[in-house]
Amino acid sequence: MSDLIFRAQKAKTLSNDPSLKMSLRLSRCMRAFAGLEISEIPEETWNQLEESIFNVNQILAPYPLKTDEDYQLISEADLQRMLSLLDSASSQAIVAELDRIVSELDDGVQKLPVKAIHETREHRDLMIPRLIEVVGGATSSARKGDVPEGNAHFFAVFLLTEFRAEEAFSTILEAFSLPGELPFDLFGDAVTSTLARVLAQFSSDRPDLVDDLISNRELNQYVRWEAANYYVHLVRDGLICRDEAVRRLQIQLRRAIDSEDEPAIGGLICTLVSFAPEETLEDIQEAYARDLVDRGLVDMGTVEQSVAEGDSRVRKALEWCQTTGIDDTIEELRTWAGFQEEPRRRRVPPPHLSSIIKSDVLTAATAPQGSSRIGRNVPCPCGSGKKYKKCCQSPK
């Protein structure tokens, strides 16, 4: 990986260091860029840097420089001009390198951009504002009906969560609060596999904010369901007790029943099932009696079984709960179907061996190997040519 950003940062710091003489600043700035190889840097960035260094060398040409002490012979005006050139070149180099990293993240559509992710981590403090900008830009474009083709915004959410970048939360929340299918168009399965974990990390002390998401009928129903699942994380992490979580979810359920908010009711009951919700049983029974629950999502028998299991059910739910936040973006996404290499095709054995064929042999040709998820926006593994969300994932 290029170390241009580190060198440029060092040069900027030196060029503006008032504790050093200008002559010493200049010599050290020049040394910061010494030894860079063009193979390490995009050509456009190199050309900009080379032009600045060339202009500096033009100013230096009349001066007989053999040692660092000779830089003291340079006039103050020339020193100021050269330091200004190097400071500007450093800024341009940093911006260009950050843009390159974002571009490589954006290209990570069918392959995980591991190198770019590592570089983002290397330059965490510089990259956080750029990643926030990327998510905000994608949100704005999607709102106008122009969903970005690349994946920089997708990786940005994972990395900002990994970095615990509190300043990014409002931008992330705005993106997931887009209407209709737009959150899925931008983030695919991250909506249902990651959002509750993001909310639990950034809003652990703001349940009222999450309650507003649950009750907001303008949001995608899966976003609202993930907001409800936030409470499982809070209980598992010891931030609130089980009874408080059930109390808050029951308030939401009661409101949803009274307003016949069917999309919210199913998700709330699914979350309550994690808590063996005996105290909410009457409300849940009323929801079923009024035909406000999709029984294909969760039936009354499941609710009653949860209540019967009591504390053991709660313990199981908390054990199954995924980790809060994102610890490692690469490990998190490594097994996602959208980032798998082309699956290895396997032939069905000849007919006379059909009696010993196992079911997994027949499905191996279409199911991405080593994958635990199929992204909604990737080609459907059935071979139809449609996106998964429009084919086998969609309700029949």
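Residues numbered from 1 in each chain as written. Predicted model: local features only at pLDDT ≥ 70, side-chain atom pairs only at ≥ 80, totals over all residues. Heavy atoms only, no water.

## Regarding the overall build of the chain
Here is step 1 of the chain: Along its length, the chain carries 19 helices and 0 strands.
Here is step 2 of the chain: The buried share among the 396 residues of the chain stands at 48%.
Here is step 3 of the chain: Nonlocal contacts in the chain, meaning residues at least 24 apart in sequence, comprise 70% of its contacts between residues at least 6 apart.
Here is step 4 of the chain: Accessible surface, the chain as shown: approximately 20000 Å² in total, 49% of it carbon and sulfur. (Helix = DSSP H or I, 4+ residues; strand = E, 2+ residues; numbered from the N terminus. Buried < 20%, exposed > 50% of the residue type's maximum accessible area, 1.4 Å probe, protein only. Contact = heavy atoms within 4.5 Å. Areas by Shrake-Rupley, 256 points an atom, 1.4 Å probe, with all protein chains shown as cover.)

## A look at the packing of helix α7 (residues 152-162) against helix α10 (residues 190-202)
Here is step 1 of the chain: Packing of α7 against α10 leaves a shortest axis separation of 11 Å and a crossing angle of 35°. For the crossing formed where α7 meets α10, the hand is left-handed. Together, F154, F158, L160 and T161 of α7 and A190, T194, V198, Q201 and F202 of α10 make up the contact between the two elements.
Here is step 2 of the chain: In the contact of α7 with α10, the residues fall into 6 nonpolar, 3 polar and no charged. (Axes fitted to C-alpha atoms, helices over the stretch in contact; angles between N-to-C directions. Left-handed = near helix turned anticlockwise from the far one by under 90°. Nonpolar A, V, L, I, M, F, W, Y, C, P; charged D, E, K, R; others polar.)

## Let's talk about helix α11 (residues 207-215)
Here is step 1 of the chain: All buried positions along α11 are accounted for by P207, V210, D211, L213 and I214. Down the axis of α11, the buried side of the element spans an arc of 155°, and every buried residue falls inside it. For α11, exposure combined with an orientation more than 90 degrees from the buried face picks out D208 and D212.
Here is step 2 of the chain: Next to the buried residues of α11 lie α8 (169-176), α10, α12 (221-236), α13 (242-258) and α14 (262-273). (Arc of directions from axis to C-beta.)

## Digging into the environment of A96
Here is step 1 of the chain: Residue position: A96 is located in helix α4 (residues 76-106).
Here is step 2 of the chain: With 52 residues separating them in the primary sequence, A96 and E44 have C-alpha atoms 8.6 Å apart.

## A few points about the packing of α11 against α12
Here is step 1 of the chain: Packing of α11 against α12 leaves a shortest axis separation of 7 Å and a crossing angle of 145°. Crossing handedness for the pair α11 and α12: left-handed. Each of P207, V210, D211, L213, I214 and S215 in α11 lies in contact with α12, whose residues at this interface are R224, A227, A228, Y230 and Y231.
Here is step 2 of the chain: In terms of residue class, the contact of α11 with α12 is made up of 8 nonpolar, 1 polar and 2 charged.

## Details of the pattern of salt bridges
Here is step 1 of the chain: Evaluated as defined, the whole model comprises 34 salt bridges.
Here is step 2 of the chain: A salt bridge links E119 to R100; the nearest nitrogen and oxygen atoms lie 2.8 Å apart. Of this pair, E119 sits in helix α5 (residues 114-122) while R100 sits in helix α4, and the two are 19 residues apart along the sequence.
Here is step 3 of the chain: Using a relative accessible area of 1% as the deciding quantity, one classes E119 as buried.
Here is step 4 of the chain: The salt bridge partner of E286 is R290, with a shortest N-O separation of 3.0 Å.
Here is step 5 of the chain: By relative accessible area, which is 34% here, R290 ends up partly exposed.
Here is step 6 of the chain: Salt bridges sharing partners connect three or more residues here, namely R254, D258, E260, D283, E286 and R290. (Salt bridge = Lys/Arg side-chain N within 4 Å of Asp/Glu carboxyl O.)

## A few points about helix α15 (residues 281-289)
Here is step 1 of the chain: For α15, the complete set of buried residues consists of L281, D283, I284, A287 and Y288. Seen along its axis, α15 keeps its buried residues to an arc of 165°; they face one direction. Turned more than 90 degrees away from the buried face of α15, the exposed residues are E282 and A289.
Here is step 2 of the chain: Looking at the buried positions of α15, the neighbouring elements they touch are α13, α14 and α16 (300-309).
Here is step 3 of the chain: A positive backbone phi angle near 55° is found at D291, which sits one or two residues after α15.

## Description of the packing of aromatic side chains
Here is step 1 of the chain: Taken as a whole and assessed by the stated rule, the structure comprises 11 aromatic pairs.
Here is step 2 of the chain: Taken together, a centroid distance of 5.4 Å and an interplanar angle of 85° make the contact between F154 and F155 edge-to-face.
Here is step 3 of the chain: On the basis of relative accessibility, which here comes to 0%, the residue F155 falls in the buried class.
Here is step 4 of the chain: Three or more aromatic residues joined by ring pairs make a cluster, and in this case those are F154, F155, F158, W336 and F339. (Phe/Tyr/Trp six-rings, centres within 6.5 Å; stacked < 30°, edge-to-face > 60°.)

## Quick notes on the environment of Q340
Here is step 1 of the chain: Tracing the backbone through its elements, the reader meets Q340 in the loop between α18 (329-333) and α19 (359-363).
Here is step 2 of the chain: Spatially, the C-alpha atom of Q340 lies 6.9 Å from that of Q110, the residues being 230 residues apart in sequence.

## A few points about the environment of S84
Here is step 1 of the chain: Mapped onto the elements of the fold, S84 is located in helix α4.
Here is step 2 of the chain: Separated by 58 residues in the primary sequence, S84 and L26 place their C-alpha atoms 10.0 Å from one another.

## Let's talk about the side chain of R242
Here is step 1 of the chain: Within the fold, R242 resides in helix α13.
Here is step 2 of the chain: Among the polar contacts made by the side chain of R242, one reaches the side chain of E279 at a distance of 2.6 Å.
Here is step 3 of the chain: Dropping the residues within four chain positions of it, R242 is found in contact with V235, F275, A276, P277, E278, E279 and V314. (Polar contact = N/O pair within 3.5 Å; in protein donor to acceptor, adjacent residues only side chain to side chain.)

## Section: the side chain of T161
Here is step 1 of the chain: Looking at the secondary structure, you find T161 in helix α7.
Here is step 2 of the chain: With a relative accessible area of 0%, T161 lands in the buried category.
Here is step 3 of the chain: What T161 contacts, discounting residues up to four positions off in sequence, is I172, V198, Q201, F202, G325 and I326.

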